[in-house]
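# Remarks on the overall topology
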Amino acid sequence: MLPLQTTPERIALNRITFGARDFDIANVKRMGWSAWVREQLDAPRGDDPALAAYLAAQRMHIEYPAYENKPYYSWPAVNEDRPLNYLTMSSAQIWAKTLQISPAADYREMARAYNELCSGVVIRATHSRYQLREFMADFWLNHFSISSAKDEQTKNALIVFDRDVIRPNVFGNFRLMLEVVTTSASMLKYLDNADSEANQPNENYARELMELHTLGRGAYLGKVSNADTAAKGFTDEDIIQASRAFSGWTLQQGTHFINGKNENTGVFAYNPNQHNYNAGFCLGFDLSFFKYAEVAQGLKVLDLVATHPATAQFVCTKLCRRIFGDAPPPAVIARAVAAFSAKADQPDQMKHVLNAILLDGPEISQGPAVKVRRPLERIVALARATDAKILANEYWATALRNVSDVPFSWPTPDGRPDTNEFWLNTATNLETWNQMQYLGAGLYGTTVYFTHDILAQTPPEAIKSPSLFVEYWVGSIIGYALSSEAMYALTKTTEYYMSALASYPAKTIGERLYSEVIAVIATAPEFVNR
Amino acid sequence: MMTLSRRNLIALGAGSALVPCAPGLRVAMGATPGTKNNVLVFLYLRGGMDGLQMVAPADDGNYRDNRPTIAVRTDGLNAGYPVGALDGTPFFLHPQAGRLKLLFDQKSLAIVHAVGVPTDSRSHFEAQALVDKGMASNEPEMGLGWLARHITIRPGPLGDFAATTDVSTGSSALVGVPGLIPTTGLEYLPNTLLPERAALITALNASSAASAVSARTTVKLLDTIREKSKALPPDLNGNGSYSYNALSQNMKSLAHVLKFDLGVEAAIVDNTGVWDTHENILQYFSNAARELSTALYAFTQDVGPEVMSRVTIVAMTEFGRRVEENSNGGTDHGAASTMLVLGAGVNGGKIYGQWPGLAAKNLNGGDLAVTTDYRQVLAEVLAKRMGQPAIDQIFPTIKYAPLGVAR
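In what follows, the accompanying structure is described. (Residues numbered from 1 in each chain as written. Chains lettered and ligands numbered in written order. Predicted model: local features only at pLDDT ≥ 70, side-chain atom pairs only at ≥ 80, totals over all residues.)

## Comments concerning unusual backbone geometry
Along the chain, Gly-367 of chain A connects to Pro-368 of chain A via a cis peptide bond; the corresponding omega equals -5°. Counting through the fold element by element, Pro-368 of chain A comes out in the loop between α19 (349-358) and α20 (375-385). You will see that Asp-192 of chain A, though not glycine, has its phi angle at about 70°, which is positive. You can see Asp-192 of chain A is positioned in the loop between α12 (185-190) and α13 (204-213). The phi dihedral of Ala-114 of chain B falls on the positive side, at around 55°, and the residue is not glycine. Judged by the 25 C-beta atoms lying within 10 Å of it, Ala-114 of chain B falls in the buried class. (Helix = DSSP H or I, 4+ residues; strand = E, 2+ residues; numbered from the N terminus. Buried ≥ 20, exposed ≤ 12 C-beta atoms within 10 Å, placed from the backbone.)

This is the structure in structure tokens:
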């Protein structure tokens, strides 16, 4: 018999992972919550060995015809299952490789790096044992939202942004994270700072840094600074001064001579010729103090925004909303803000913040579970609950575009809205229901993006018994019984398909039951809300 | 060999009685659909549409001097269509907007000039966000989008499918409207959720959780459309001669939604990626103007006179462009632009607003000055066409003073 309600372990795990499995719940019960959290926070850098092996074994299909237009571009036909080569290339290799193929290659080669990245993101979310790191990577990638549609350089460098900029710092120091984000190729291109010039510095990055990444829109005080503004928030004047401080922060991108060399490597560079030396008071600090100290002005701006009280409030509240939903408990936010501020100079500042949220109070395991899972979260959680496998496939770079839940697809730098309301509408409902239904066969054209073997997992006595089948899978996916009406409706549907499919091969039966029963269980509010 | 498809499975004997529903939850036809209500379509020309190309003061010496290579002319090559004068200055509709000229001559289309957002911001993102919220710079933050505010406080009951938008673009003027439905592809949706599956989903979503309510609304919408589809001709594309560009396809989808008569009263259509004409405006703007002109005309033909007697379309952009052309044969971000108001209840065939002139002393830092706040136009349409008595709650910072563009 299924339990009638959820458990504290399940509530807590679902809030900070891509979906609690029975295995995880058993682990928490065995180790205790705080030991589980500490193991997650102390995860060694990089993918766990099983995940690394899984990624290395992935092959993603690529196929296109030969093209010949001498003396311009020519290439041979390609039809192969290729490893995810981009994911392990260095930043310099990716930059050089994408320069080399663009535009003298089939468009499928030019989309390859991004397609590999999207597959990598979904595979890690599903199969990583370090789920808290995945949860936080997802949070920070949306906090520092970058749209792959900006240009080729922004897009291809996102592999580095995800792997080397965000992931190593998810539990780290916020000030350090700001610096690596600010100097990353993707962010420098995306918000135009790479092309900022001394005579009229581009204000785009300085504005979004304050408005979206640190102090927050609520701390924007309008045009003019005065004696009070620096303590409360930021003004247009602060933005202008910061944009001067960041002018000259650019990339070696083949457009300018920097220190006598014009190189195209995608590496961060400071170009003194494009630095505007007129920065004055920014957030109450006189930047002219560092006038001739090269990048010191920009670094000082990062210090100022990272330690501003509004930043602690903004970032911590946002994180708590991601974990708890639209109305996080005020006590949790208060603890997080206190830890963020007290540990601002610690290399593991965010670990302290997460400890404060997850361990220093009882809220994390208290219901109700009211946070709506995004479409991608639902698919990943269903994959985890059914022990399915995500395979590298172009599908993951396209499938959920219509509901704005493909990685790096949000068009503007504010990131996807993190409110229940945004995700509850007909377009999102229907698209998500359909995509979950398609998981049964897991085919994108002729290539496979999702595999499962539900019949092998189903207890033998439940394979022929509709009610036991439903009970087993509601247990795996939800963890406790749905209403008796819902259980009855699911049982009748299962009964119908079991009988209609009786003469079909086992593979077909498994696929259809996945589409028609299991994927529908995942439309229940008990699954949609975590 | 028989392949196993959904259709075959249903043919195997699974009638609609396949799955019993939770008691009382079999979706009923909503009361709202079939109301033949008025509709506001907000067409968002994102990217900064150059109002001085769309409706050009082509006979003005300052205009010709500032735009020596790109100006719309009064005759000869690149001659615009004369559309009358504003404050003594004659105006010419862009030469590629011939079908808009037809609508103008039929008194269906009105033009508002030197209109825009009161802001110094020249950032697309910021200015667009201001328009979404119905704000100007340095005003108190409004919680919902302006169109959402209108729908949630207007008198009368709120239908299940009050508003439609292309949800993937991030337009936020409608965020917060319960029952927001997608425009794009709606005509295909009923086929992707068969009744048996919909009934099962309904049975699982019987609770009062917000996600369950939303799921039931979705199922109900699809049922409604499926029902409505039976009464409509199978080919819904019979009338309009749309082009194959994004705007035309979006207008075609919207036409489908309106033909279903679901009770939709507000729609947002985004026209992106074509108006940010920093270079080669002669080519790029001409393409964009032609697309706009043909899409709007095809839409009016497609939905037909009955629907058009209820639909008012307002087209606007986040800002216009610099008066002086740049070195790349384009124009950079500026201030005022034009708005187009088209359809039911529009006092068309006329240009509205106040013309500030293009003499250097009249410009705002090189830009056409904003003499009409865009919210005056939106307010007038809301008040006169959409039954909104509380304009002061939608746009609390303006003093409502209708231009006479609608009746």
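## Structural notes on helix α25 (residues 466-477) of chain A
Residues and elements named next belong to chain A. Over its 12 residues, α25 extends 16 Å from the first C-alpha to the last, a length consistent with the 16 Å expected when each residue adds 1.5 Å. Every buried residue of α25 is listed here: Phe-469, Val-470, Trp-473, Val-474 and Ile-477. One face of α25 carries all of its buried residues, which in axial projection span an arc of 120°. Lining the buried residues of α25 we find α20, α24 (460-463), α26 (484-500), α27 (506-521) and α28 (525-528). One or two residues past the end of α25 sits Gly-479, with phi positive at roughly 100°. (Expected span 1.5 Å × (residues − 1). Arc of directions from axis to C-beta. Contact = placed C-beta atoms within 7 Å.)

## Section: the sheet that holds strand β3 (residues 81-86) of chain B
The strands making up a sheet are joined through hydrogen bonds of the backbone, oriented either antiparallel or parallel. All names here are of chain B. As summarised here, the arrangement of the 3 strands in space is β2-β4-β3, forming an open sheet in which the pairing is antiparallel. The strands lining the two open edges of the sheet, one partner per strand, are β2 (55-56) and β3. Sheet analysis places β2 next to strand β4 (residues 89-93), joined by 2 bridges and oriented antiparallel. Across the sheet, Ala-56 pairs through a bridge with Phe-92, a residue of β4. (Pairing = 2+ DSSP bridges.)

## Thoughts on the packing of helix α22 (residues 426-438) of chain A against helix α9 (residues 210-231) of chain B
Where α22 of chain A contacts α9 of chain B, the axes come no closer than 9 Å and their chain directions differ by 85°. If you check the angle between α22 of chain A and α9 of chain B, you find them roughly perpendicular. Across from Thr-426, Asn-429 and Leu-430 of chain A in α22 of chain A, the residues of α9 of chain B making contact are Ser-214, Ala-215, Thr-217, Thr-218 and Leu-221 of chain B. Here the contact of α22 of chain A with α9 of chain B is composed, by residue class, of 3 nonpolar, 5 polar and no charged. (Axes fitted to C-alpha atoms, helices over the stretch in contact; angles between N-to-C directions. Parallel < 35°, antiparallel > 145°, perpendicular 65-115°, else oblique. Nonpolar A, V, L, I, M, F, W, Y, C, P; charged D, E, K, R; others polar.)

## Description of the pairing of β4 of chain B
Residue and element names in this part refer to chain B. Across 4 bridges, β3 lies against β4 in antiparallel orientation. By the bridge assignment, Tyr-81 is partnered in β4 with Leu-93. Taking the residues that link successive antiparallel strands as the turn, the β3-β4 hairpin has 2 residues, and the phi of Asp-87 there is positive, at about 50°.

## Observations regarding the packing of helix α4 (residues 49-57) of chain A against helix α7 (residues 112-127) of chain A
Residue and element names in this part refer to chain A. One can describe the packing of α4 onto α7 by two numbers: an axis separation of 11 Å at closest approach and a directional angle of 145°. The two elements α4 and α7 meet at a crossing, and its hand is right-handed. Between α4 and α7, the residues in contact are Leu-51, Tyr-54 and Leu-55 and Gly-120, Ile-123, Arg-124 and His-127, respectively. Residue composition of the contact of α4 with α7, by class: 4 nonpolar, 2 polar and 1 charged. (Left-handed = near helix turned anticlockwise from the far one by under 90°.)

By themselves, these figures tell us nothing about what the structure is for.
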